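Chain by chain, the residues:
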Amino acid sequence: MQCDTCKKDVPVVMRVVVAKDYNRMLARPLYNCPSCFEQKEQTKRRAKKQEEGKG
């Protein structure tokens with residue numbers, strides 16, 4: 001399998017489709033290796049903290 005973000009061949013890829021306040025059922029699927037997946041999740045967490053700080 002290949003990570004859609006870094007393009008490396010990896011044994012495992014992941015994708016979040018539905019989560020709280022997140023629905024990507026109709027979006028083009030993107031599959032990430034564990035490293036890219038974790039980086040994406042951390043970026044989302046930072047953005048969420050910044051949004052919470054503005055309110």
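Residues numbered from 1 in each chain as written. Predicted model: local features only at pLDDT ≥ 70, side-chain atom pairs only at ≥ 80, totals over all residues. Heavy atoms only, no water.

As a further point, take the packing of aromatic side chains. Each pair of aromatic rings is reported with the distance of its centres and the angle of its planes. For the structure on display, the rule yields zero aromatic pairs. Between Arg-15 and the ring centre of Tyr-31, over which it is positioned, the NZ or CZ distance is 5.9 Å. (Phe/Tyr/Trp six-rings, centres within 6.5 Å; stacked < 30°, edge-to-face > 60°. Lys NZ or Arg CZ within 6 Å of the ring centre and 35° of its normal.)

Once that is clear, we can look at the layout of surface pockets. Estimated volume of the largest pocket: approximately 190 Å³. As for the largest pocket, its lining consists of Ala-19, Lys-20, Asp-21, Tyr-22, Lys-44, Arg-45 and Lys-48. Among the elements that make up the lining of the largest pocket, the one with the highest residue count is helix H1 (residues 34-54) (three residues). Looking at side-chain class alone, the lining of the largest pocket contains two nonpolar, no polar and five charged residues. (1 Å grid on protein atoms, 1.4 Å probe; cavity = no way out; pocket = protein on both sides within 12 Å on 5 of 7 lines; lining within 4 Å. Points joined across faces, edges and corners; volume = space filled by probe spheres on them. Helix = DSSP H or I, 4+ residues; strand = E, 2+ residues; numbered from the N terminus. Nonpolar A, V, L, I, M, F, W, Y, C, P; charged D, E, K, R; others polar.)

Within this structure, the stated rule accounts for two salt bridges. A salt bridge links Arg-45 to Glu-38; its shortest N-O distance comes to 3.6 Å. (Salt bridge = Lys/Arg side-chain N within 4 Å of Asp/Glu carboxyl O.)

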